[in-house]
2 protein chains.
Amino acid sequence: MKPVKVGLLGLGTVGTGVIRIVEGHQEDLSSQVGSPIVIEKVAVRSMDKVRNIAIDSSKLTDNPLDVIRDPEIDVIVEVMGGIDGTKEYILEALERGKHIVTANKDLMALHGSEILAKAQEKQCDVFYEASVAGGIPIIRTLIEGFSSDRIMKIMGIVNGTTNFILTKMSQEGASYEDVLKEAQELGYAESDPTSDVEGLDAARKMAILGTLGFRTNVELSDVSVSGISSVSKEDILYAKQLGYEMKLLGIADRQDEQFSISVQPTMVKKSHPIASVNGVFNAVYVYGEAVGETMFYGAGAGEMPTATSVVADLVAVVKNLKLGVNGLKAIVPYKVKKLKSDEEISYKNFLLLHVEDKAGVLARITQVFAEYDVSLESVVQSPNEHTDAEIMIVTHDASQANMNKVLQHFESLDVIRRIKSVYRVEG
Amino acid sequence: MKPVKVGLLGLGTVGTGVIRIVEGHQEDLSSQVGSPIVIEKVAVRSMDKVRNIAIDSSKLTDNPLDVIRDPEIDVIVEVMGGIDGTKEYILEALERGKHIVTANKDLMALHGSEILAKAQEKQCDVFYEASVAGGIPIIRTLIEGFSSDRIMKIMGIVNGTTNFILTKMSQEGASYEDVLKEAQELGYAESDPTSDVEGLDAARKMAILGTLGFRTNVELSDVSVSGISSVSKEDILYAKQLGYEMKLLGIADRQDEQFSISVQPTMVKKSHPIASVNGVFNAVYVYGEAVGETMFYGAGAGEMPTATSVVADLVAVVKNLKLGVNGLKAIVPYKVKKLKSDEEISYKNFLLLHVEDKAGVLARITQVFAEYDVSLESVVQSPNEHTDAEIMIVTHDASQANMNKVLQHFESLDVIRRIKSVYRVEG
């Protein structure tokens, strides 16, 4: 059988894994698709770099256009990352009728709809399973496994770096700064960790999951984001005392046809299955109207897990190629986008307040909650220093608009010395 | 657009759910497949039964052949269950070129290869996502999500009834008999619970998962099975003391190209993600050579979760119908089946022995293990009654053949009054 020729853009961690799987599992792959799959050309940044994989140097080029414009190549696997430049390469490849497998969450979150529209125009496949939660086939699950259902909620631990940091802080009582340093030494966090710790990476993945789950075009700007850099070990200790674990959760929430998407440090009830997802692991919890509670767990990053998803996509493209049906099952979001307003977004909140320790303080504080219609689930007051006390409050579900008013009011309340922490609560 | 007409065989719990989803989510479904999906005819056992769903009585028939032979109908959804009769209906439907969606694990485990061969001959789809683990899209995951990987181990809690019983026994210290009675009252266990509690239901599902995971034709007779009816509350208590939870696990295990499949009560280390899957929930843990550890969790049964999977399959069939590619992506197991021998099957064991309480007993027992090359991880001896003691032993990985020799030797060892329990240990 004539081999299917694949062009690879990028030979970093994931690209190396892709070659390892395609070569190592060749017999299994060709048994499934009916012909050999060959990595024909590889675009690399530097031709001279020492690599930990043996590859015929005649296959290498430092010009991605050599790969994209090779008429022998049917499928482009893009694992070089980046947005500018990469987007143009992919659009040109599609223009030339080549199918795309990509692991690029940034690109898909920011320009997914443009790329998918071009793919549809040219009847090409664009698969991107590896862009969210590495080895977990969550994109297939949302598109195919739950095609029949109405997804009401998606909660994801979709960033391994921050989950590693929060897990360590929780298990060892360590500070954010110390664990971040350790994560950087272990290679789990980058030297500039902003994209991970400030929740931007997770937000991109949630935009992709939201688009698929809600079948509407979620853009990155629709996701409200806050990161973990201000989570203190004290916060985590208080969370544990109340029976919660702190997690950086992406939450996509739907009511009727309106939705909200956010990423923020969240206190998750320990009995919830996502609360015990630890270390660099990822998990996506999906609540469907019909299917109920489900959760999908696995490695969110790393050479081989991510490459597993990339090559599974490649197998799907090649099967379509054999049948001549590429690009025909494109998923086009068909719902009008309706974002919830602050009045409609509603959840439980945890607050930690630093207050004056004198008579009537609690009454004044609870009065403010009552004024804005926020009811309370629990209130714990404990003395702190001399004339100070700390109050922990967990609210019932409250609208974001009302909570904002409460917090604003608190700013001007003289008995409150400081609003130390405010977190979303789930489970 | 011309509607796609579907025939339904069976209107029990799952059939009712299928109608609810197809009608309730009609707009979503037709947006995805490009035309309405209509349940055209429904075969029921009794025409007069009072139903908790409104259905036009002109659609009902008590003769499945009326559905199968209706030339207007393109897709048959089989949710009537059973093997004899049902198999013939499905084969005739395929013969007539109709595509099949089924939730029938018994049929697929026993006659899957015959049905799939007929489907391939007639270029028809046969999808059966709902046959294993209800709402969890594990079949798609094994076929597509992990097409690129080499699956080394599958561990499944794939029977909700037994997981409910073991969870209750563990959480409340109750006896098997009491919890079984409660499960029967709640409708979680049938009046004749044999198929569930003796592991037969789980074995059928594991045969299906093994076939897909190992890409070879696993038959039901390849699965060694034991159930939970002899698990005592004492066993569960001892398990907990040592840091394990008792679960009825299906385990499909591969080394190189050889595999073994079994279902048995298993002591699972509490830190393993599958140990905390409780109640009627199901979970399938998959270890792939490249992807590493993954787990998929959700409702394993019930009207709406199971119907979610059935209708997701229906959407897939209808999409294929529109593209004219039904039956072309059939999965044909391509590997020669090689079962492990007892010498090659190897795992940790837990033993609870009732022994005479006198000097030298432990020495004689450990001597037997040594004779058959079984090394020990831990040994705990505790006094029981007057002249008796109990010994708990956890072995390191040991071959089944050697363990059988040890147990046989123990039968004739006078200091051992009784081998109270032997369990597989995982995690």
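Here the residue numbers are simple positions, counted from 1 along each chain's written sequence. Chains carry letters and ligands carry numbers; both start at the beginning, A for chains and 1 for ligands, and go up in the order they are written. In keeping with the predicted nature of the model, local features appear solely for residues at pLDDT of at least 70, side-chain atom pairs appear and are counted solely at 80 or more, and the whole-chain, interface and lining totals rest on all residues. Think of the side-chain values as coming from all heavy atoms in the structure, minus any hydrogens and water.

Chemist: Tell me about the overall build of chain A, residues and numbers included.
Modeler: Only runs of H or I of at least four residues qualify as helices and only runs of E of at least two qualify as strands under DSSP, and these elements are numbered from the N terminus. The helix and strand tally for chain A stands at 14 helices and 17 strands. Our radius of gyration is a C-alpha quantity, and the globule rule it is checked against amounts to 2.2 Å times the number of residues to the power 0.38. At 24 Å, chain A has a C-alpha radius of gyration in line with the 22 Å of a compact globule built from 427 residues. With respect to the principal axes defined by its C-alpha atoms, chain A has extents near 85 × 45 × 35 Å. Split into buried and exposed, the 427 residues of chain A put 59% on the buried side. For chain A, contacts bridging at least 24 residues in sequence account for 73% of all contacts bridging at least 6. Only protein chains enter the accessibility calculation, which uses a 1.4 Å probe; a residue whose area is less than 20% of its type maximum is buried, one above 50% is exposed, and one in between is partly exposed. In what follows, residue pairs with any heavy atoms lying within 4.5 Å of each other are defined as contacts.

Chemist: So what's going on with the relation of the copies chain A and chain B? Residues and values would help.
Modeler: When chain A is fitted to chain B, the best match, at an RMSD of 0.1 Å, comes from turning it 180° and sliding it 0.0 Å along the axis. Taken together, the rotation and translation relating the two chain copies correspond to the operation of a two-fold axis. Considering only C-alpha atoms, the residue of chain A closest to the rotation axis is Phe296(A), which sits at 2.3 Å. A shared interface surface links the copies, since 100% of the contact residues of chain A are contact residues in chain B too. Residues reaching a pLDDT of at least 70 in both copies supply the C-alpha atoms on which the copies are superposed by least squares.

Chemist: So, the interface of chain A and chain B: which residues are in play, and what are the values?
Modeler: Each side of the interface is counted separately: chain A has 47 residues, and chain B has 47 residues. We define buried area as the total accessible area lost by two parts upon association, computed with a 1.4 Å probe and summed across both. Here chain A and chain B share an interface that buries about 4100 Å² over both sides, 56% of which is from carbon and sulfur atoms. Every case where a carboxyl oxygen of Asp or Glu lies within 4 Å of a side-chain nitrogen of Lys or Arg is listed as a salt bridge. Summed over the shared surface of chain A and chain B, the number is eight salt bridges. Its salt-bridge partner being Glu144(A), residue Arg140(B) comes within 3.7 Å of it at the nearest N-O pair.

Chemist: Help me get a handle on the pattern of salt bridges, residues and values and all.
Modeler: Residues and elements named next belong to chain A. Enumeration according to the criterion identifies 68 salt bridges over all chains in this entry. Of the charged contacts in the structure, one is a salt bridge between Glu-95 and Lys-118, with a shortest N-O distance of 2.6 Å. One end of the pair, Glu-95, is in helix 4 (residues 86-95); the other, Lys-118, is in helix 5 (residues 105-121), and 23 residues separate them in sequence.

Chemist: If you had to explain the environment of Val14(B) to someone new, which residues and values would you point to?
Modeler: In this structure, Val14(B) sits in helix 1 (residues 13-24). When residues no more than four places from it in sequence are discounted, the contact partners of Val14(B) are Val79(B), Glu303(B), Thr306(B), Ala307(B) and Val310(B).

Chemist: Requested: an account of the nonpolar core, with residues and values cited.
Modeler: Side-chain atoms within 4.5 Å are what join buried Ala, Val, Leu, Ile, Met, Phe, Trp, Tyr and Cys residues into a set we call a nonpolar core. Counting residues in hydrophobic clusters, the biggest one holds 148 residues, and the most contacted among them are Ile138(A), Ile165(A), Ile138(B) and Ile165(B). Apart from the residues within four sequence positions on either side, Ile165(A) is in contact with Tyr176(A), Val179(A), Leu180(A), Ala183(A), Val197(A) and Ile228(A).

Chemist: An account of the UniProt feature "active site" (unreviewed entry) in chain A is needed here, citing residue identities and associated values.
Modeler: All names here are of chain A. UniProt positions are given in the numbering used here, feature names are shortened, and annotations may be inferred rather than shown by experiment. Following the UniProt record, the feature "active site" (unreviewed entry) maps to Lys-205 here. Turning to its location among the elements, Lys-205 is positioned in helix 10 (residues 200-214). Under the relative-accessibility criterion, Lys-205 is labelled buried at 9%. Beyond its immediate stretch of four places on either side in the chain, Lys-205 contacts Lys-105, Ser-131, Val-132, Val-158 and Asn-159.

Chemist: Outline the domain arrangement of chain A, supporting the account with residue identities and numerical values.
Modeler: Quoted interface sizes are often the accessible area lost when the parts come together. Considered domain by domain, chain A is made up of domain 1 (4-134 + 303-323), domain 2 (138-299) and domain 3 (346-426). Where each domain starts and ends follows an automatic or database-derived domain assignment. Using C-alpha coordinates to define each centre, domain 1 of chain A is positioned 52 Å away from domain 3 of chain A.

Chemist: Can you break down the packing of helix 4 of chain A against helix 5 of chain A residue by residue, with the values?
Modeler: Residue and element names in this part refer to chain A. Packing of helix 4 against helix 5 leaves a shortest axis separation of 10 Å and a crossing angle of 15°. Comparing their axes, helix 5 and helix 4 come out roughly parallel. In this structure, the crossing between helix 4 and helix 5 has a hand that is right-handed. Counting all contacts with helix 4, which are made through Thr-86, Lys-87, Ile-90, Leu-91, Leu-94 and Glu-95, the residues of helix 5 involved are Leu-107, His-111, Glu-114, Ile-115, Lys-118 and Ala-119. Axis lines are fitted through C-alpha atoms, for helices just across the contact stretch, and the angle between N-to-C directions can take any value from 0 to 180 degrees. We call two directions roughly parallel when the angle between them is under 35 degrees, roughly antiparallel when it is over 145, roughly perpendicular when it lies between 65 and 115, and oblique otherwise. Crossings are classed by handedness, with left-handed meaning an anticlockwise turn of the near helix from the far one by less than a right angle and right-handed meaning a clockwise turn.

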